[in-house]
Each structure stands twice: as C-alpha cells, then as structure tokens.
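Listed here are the chains, written in short residue letters.
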Amino acid sequence: MVDLASFIAGPSAAVILSDFGADVIKVEPPNGDLWRHGHQIPSQPLAKDAYAWHLANRNKRGITLDLKSPSAQPVLEKLVKWADVFIVNTPHPARKKLRLEYDDVVQWNPQLIYADLTGFGEKGPDADLPGFDITSYWARSGLLSMTRDAGAPPTWPVGGSGDNATAVGLYSAIVTALYRRERTGKGSYVTTSLLAEGVWSASVAIQAALVGAKFSGLHDRTHPANAALNVYRAADGTWFVLIVAPDKLAAVAKAIGRPDILTDPRFSDPAKLTANMPQLAAILDEVFGAQPMAHWYEVFSGLHVTFGAVRGPQEVIDDPQLRLNDMVVPLEGAGGKLTSTVSSPFQVHGVAKAPARRAPDLGEHNEAILQELGFDAKDIDGLRASGAVPKAREHAA
C-alpha cells in the first residue's frame, strides 16, 4: 500500500495494516513529513529520540517524491498501479493541483482502495479548512466542551488521541473495502474525517441532543449527580474513578466500614438522596482519603467493583497488563532509547503481527523502490536530475 498522508491519523491507519504484514511505502515530500520532528514540538513531550515518528511510521519503506515536479507523475502512476490501498490527507484544493484526487488516480488502477482523510468532511462550507485532531475531533465535535469539570475552561487534550482514534476508523473503512473487493472485484473510495470520528466518540451526548434530552451539566465531583459514580482521592494522593452499580451498594458500604450510610435517612430516602448527594460525596471523600490506593484496590477488586486509578504516562508504562497483552512490544533498529513501541489496539487470534521495525530515514528506499517499480538506472538518474526524486540523505529520525 502507499501512504501519502502526513502527521498521525492517516499514517497510523497504515501502521495498523503494517502490523498485520502489509508492505507499506511511505511517500514524503523532499523535506520530509513534519511529524519527523514531532518529538521536538511543544506541547508534545520533548525527547532526543524521534518516538512520534517511529510510532506513526514503523514497518514502512520510505521514498521522497516532489509531486510538484512534472517528472513525478510516472512515479506516482507506477505507485498507484502497484498499490492495493492509497491513503491521502492532502487538502482537496492542493490535491486537485497535484492531480491526486480519486478520479485522477483511479484510471491507473480501477481496483484501488482510495482512502481519503479530511478534517471536516468532503462537503459543506468548511470542507477545505485545515484541521487537526484538537480542532476537528475535539473542539468541533463537542467532546472538548464536556471533558472538563464545572467551572473550568476547556483544556488542551492529549496530543494525537483523536488522530489515533480516527486511524482505527480509517483502517476499518479500508478493510471493509478490501473485503468488498474480494467479493466483487471492485475498488472503492472510502473516507472519514476527524470531525466524523469525534462526533462518533461523542455520539451518546450528540444523540441525546438530537432528541432534546435534558443535560445535567458538567461534572462537579463535590456536587455529583451520583456519588457512586465519581472521582475520589486515596491517602497516597492517587485519584481514582469509582462506579458502584446499585446491586453492589450494600457490599461496598460494608467493606468501607460505613454500613450506616444505607440506613441514614438523608441517603436511604430516594426523595432526599439527590439533595443530599454533596454530603454523601463528602463522607466518601473522608473515607477514601484515609487509606492508600493499594488498600482500595484490594477492597474494590475483591468485590468485583468497577474502578480505575488515574495513572500518568510514566506509571502506565510499568503496568504489567501492557506487555502481557502485547499492547507494548519490542521495536527493532530505531536506536537510542527507542527499544519498544505501542502496538495497534487489537489482536486476531491465529494471526501473528509482524515484528515492529523502525521507521524509514528520509528517502531511505528511493532507489530500491524505483527499481521495483520498473525504473532503470538511467530513469533514476533522470528523476534525480529533475528533482522529482531527490537523492536520499541521512536524517536523524
């Protein structure tokens, strides 16, 4: 497949396919994908190693191609003819100028799966606007308005989180189209957008708005709608999310040493419970603040209660669940501290994922790919002379 996309969402969809053995050619402009420098762009965590680049481009071969050069068209044509899947996220106005639209390339390969990723969708007044996950997925979809506490302004979400969710959606569209092609022999034009994926993630609330539901407002942990569905802090400072189903209330009250809550008229009378929810939350704050998280872990897991300690990235990487379930796997060849990487989020039993290998240096496989596509030494010299395929250079990736 050909990955002509930039940054995260499109390339990460290609990574998922590469995890399952797809041969992916990453096509970059002469100066490279800007995401090669993602590890140096605030507010991303800063590091010497290009962790962001390898995460979004592992297992790929790389070629540089200046699509603005007329001499690039024969290379593009051969890439399209070679590919089963073609991923592109170039804005449509620029795509038209570069002759990258579906109608431009499908003539070379009618069975092609053309995967189109946009910020806001193909139609409408904002179809041509640039979009990142923070703007399109988070802000425009409504998600960012809801993921905060009452009284707090919208915050800055985790970089790439909307992109990677969108990558799974784009991957799903691609494999659906591949299945259709297997059945019918026909190629497809598939598309999704950061906005569509954000609206899907927020769909419970969006669907509620569609029916005119009454919203309870932003969460306030000191005045929760339900103290049994709230965030509390243990004695060691660990915050945790607690979800106590009605059938577990009695067992939990007894286990935390407060069975009196069940008979307290402020809470046992349904008519009074809502008004006294802040008082119940205050009692639970005091109880949970008296013991460390290890204690509450034993209590909740023993009762089979749903809970989750709030962990930072530096703690998450030490969670044994990650490696035991192949969520984090070894990464070959990247150098530095890049010895492991995050795997794509699902397994197919009976199908082994490909070992994770480093992402390509800029233009690393130019000559090998061109030869594979049928260009001889003279052709390759001509492409270099025209600037269509710049000579590969060392790149600190």
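Let me sum up the structure you'll find in this document.

**As for the overall build of the protein chain**
Phase 1: Across its full length, the protein chain carries 19 helices and 12 strands.
Phase 2: Along the first, second and third principal axes, the C-alpha set of the protein chain runs to 90 × 45 × 40 Å.
Phase 3: Within the protein chain, buried positions represent 42% of all 397 residues.
Phase 4: Taking all contacts inside the protein chain whose residues are at least 6 apart in sequence as the whole, residues at least 24 apart take part in 69%.
Phase 5: Total accessible area computed for the protein chain in this model is approximately 21000 Å², and 58% of it derives from carbon and sulfur atoms.
Phase 6: Charged side chains in the protein chain number 38 positive and 43 negative. The centres of these two groups are separated by 2 Å.

**Brief notes about the packing of aromatic side chains**
Phase 1: For the structure shown, the criterion picks out 18 aromatic pairs.
Phase 2: Both rings, one in Phe7 and one in Trp35, keep their centres 6.2 Å apart while their planes meet at 50 degrees; by these two values the pair is tilted. One end of the pair, Phe7, is in the loop between β1 (2-3) and α1 (9-19); the other, Trp35, is in the loop between β2 (24-28) and α2 (51-57), and 28 residues separate them in sequence.
Phase 3: Phe7 gets classed as partly exposed once you look at its relative accessible area, which sits at 25%.

**Considerations on the pairing of strand β7 (residues 229-233)**
Phase 1: Burial along β7 is one-sided: the face carrying Asn230 and Tyr232 is buried and the face carrying Leu229, Val231 and Arg233 is not.
Phase 2: Here β7 pairs with strand β8 (residues 239-243) via 5 bridges, running antiparallel. Directly across from Asn230, in β8, lies its bridge partner Leu242.
Phase 3: Connecting the antiparallel pair β7 and β8 is a turn made up of 5 residues, with Gly237 showing a positive phi of about 90 degrees.

**Remarks on the nonpolar core**
Phase 1: Counting 31 residues, the largest nonpolar core has Leu4, Val27, Leu65, Val75, Leu79, Phe86 and Leu370 as its most contacted members.
Phase 2: Among the elements of the structure, β2, α3 (73-82), β4 (85-88), α5 (102-105), α18 (366-372) and α19 (377-386) are those that each provide at least two residues to this core.
Phase 3: It is α3 that contributes the most residues to this core, 4 residues altogether.

**Observations concerning the pattern of salt bridges**
Phase 1: By the definition in use, this model includes 17 salt bridges.
Phase 2: Two residues, Lys26 and Asp3, come together in a salt bridge whose shortest N-O distance is 3.6 Å. Here the residue Lys26 occupies a position in strand β2, and Asp3 occupies one in strand β1, the gap between them amounting to 23 residues.
Phase 3: Overall, Lys26 belongs to the buried group, its relative accessible area being 0%.
Phase 4: A residue is classified by how much of its surface remains accessible, and Asp3, at 0% relative accessible area, is buried.
Phase 5: Glu77 serves as the salt-bridge partner of Lys81, at 2.8 Å between the closest nitrogen and oxygen. A residue pair is termed a helical-turn pair when its members lie 3 or 4 positions apart in one helix, as Lys81 and Glu77 do in helix α3 at 4 residues.
Phase 6: On the basis of relative accessible area, Lys81 is assigned to the partly exposed category, the value being 47%.
Phase 7: One connected set of salt bridges, linked through shared partners, spans Asp3, Lys26, Asp33 and Lys60.

Cut-offs applied
- Residues numbered from 1 in each chain as written.
- Predicted model: local features only at pLDDT ≥ 70, side-chain atom pairs only at ≥ 80, totals over all residues.
- Heavy atoms only, no water.
- Helix = DSSP H or I, 4+ residues; strand = E, 2+ residues; numbered from the N terminus.
- Buried < 20%, exposed > 50% of the residue type's maximum accessible area, 1.4 Å probe, protein only.
- Contact = heavy atoms within 4.5 Å.
- Areas by Shrake-Rupley, 256 points an atom, 1.4 Å probe, with all protein chains shown as cover.
- Lys, Arg positive; Asp, Glu negative; His and termini not counted.
- Charge placed at Lys NZ, Arg CZ, Asp CG, Glu CD.
- Phe/Tyr/Trp six-rings, centres within 6.5 Å; stacked < 30°, edge-to-face > 60°.
- Pairing = 2+ DSSP bridges.
- Core = buried A, V, L, I, M, F, W, Y, C linked by side-chain atoms within 4.5 Å.
- Salt bridge = Lys/Arg side-chain N within 4 Å of Asp/Glu carboxyl O.

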